[in-house]
Amino acid sequence: MSRNICIMKFGGNTLANKQKLLMAADLIKARYEQGFLPVIVASANGNLTDVLLDHAYSISRNPDKRELDMLITTGERVSVALLSIALREIGVPSVSLTGSQIGLITTCSHSGADILSLKGDRLVKELADGHVPVVAGFQGIGENKEITTLKRGGSDVSAVFLASHLGAKHVEMIKDVDGVYSADPNKDLKAQKYEVLDFDEMYKLALNGANVLHPDCVRLAKEKGIEIRIVHYQTGQTGTIIK
């Protein structure tokens, strides 16, 4: 492939409405025009997952976990389909894909599975055809062929896993914050933004409640040697690099 692969993971807040979806598409197009071949991992739009869970728990106090996985994985499917439609509208050849369609194999446990492997060549074929894959985060398919959801923060983990599998050097985590801070900048005016952090420092911050990245994602990035860049969804600028 002549283009370098660029993994871009969009959090739910960055896809919460039509305006943000179109901004996401523009940012992806900018990377595409810079000569990268983006691979997108998308979360469910805004609070859609919570809305779906509320529906389920309004019907049953203890809904079956398999059925919950079937329900809440639709949230990411909404995101990837709308984002792919937006990309095609502005001339970027894209294709939306579920976790099962790309062959993201997980353990068989529902509502908290772990990624085991990536089977099949669907992603590689789409990339070879020049398509931008828009992949549903937070989901895969169990070894028993059942739809599964990953542990909390699973979309971040999916993005790092795919970067490692596809040979990408870094992952862009597209967020509604402009970097990692020493404290919550909304509550502490003296909070300092970190330009660069090492994996161990970021892991400690994540364990202590920094919601920017999930600890499992940081641990996997360190293990695989994948640099993480925190990128603001409005500017496309990198605020913090974790390496």
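Preceding block: the structure.
Rules and cut-offs
- Residues numbered from 1 in each chain as written.
- Predicted model: local features only at pLDDT ≥ 70, side-chain atom pairs only at ≥ 80, totals over all residues.
- Heavy atoms only, no water.
- Helix = DSSP H or I, 4+ residues; strand = E, 2+ residues; numbered from the N terminus.
- Contact = heavy atoms within 4.5 Å.
- Areas by Shrake-Rupley, 256 points an atom, 1.4 Å probe, with all protein chains shown as cover.
- Lys, Arg positive; Asp, Glu negative; His and termini not counted.
- Charge placed at Lys NZ, Arg CZ, Asp CG, Glu CD.
- Buried < 20%, exposed > 50% of the residue type's maximum accessible area, 1.4 Å probe, protein only.
- Pairing = 2+ DSSP bridges.

1. Considering the overall build of the protein chain
Right, so step 1: Helix and strand counts for the protein chain stand at seven helices and 14 strands.
Right, so step 2: Taking contacts inside the protein chain between residues at least 6 apart in sequence as the whole, the part at least 24 apart equals 70%.
Right, so step 3: Entry remark: accessible area of the protein chain is about 11,900 Å², with carbon and sulfur atoms responsible for 49%.
Right, so step 4: Taken as two groups, the 28 positive and 28 negative side-chain charges of the protein chain have centres that lie 1 Å from each other.

2. Digging into the pairing of strand β6 (residues 132–136)
Residues in a regular strand point their side chains to alternate faces of the sheet.
Right, so step 1: A large share of β6 lies buried, amounting to five of its five residues.
Right, so step 2: Neither face of β6 is exposed, since Val132, Val134 and Ala136 on one face and Pro133 and Val135 on the opposite face are all buried.
Right, so step 3: Relative to β6, strand β2 (residues 36–42) runs parallel, the two being bridged by three bridges. Across the sheet, residue alanine 42 finds its bridge partner in β6, namely alanine 136.
Right, so step 4: Here strand β3 (residues 94–97) pairs with β6 via four bridges, running parallel. Paired with valine 95 across the two strands is proline 133, which belongs to β6.

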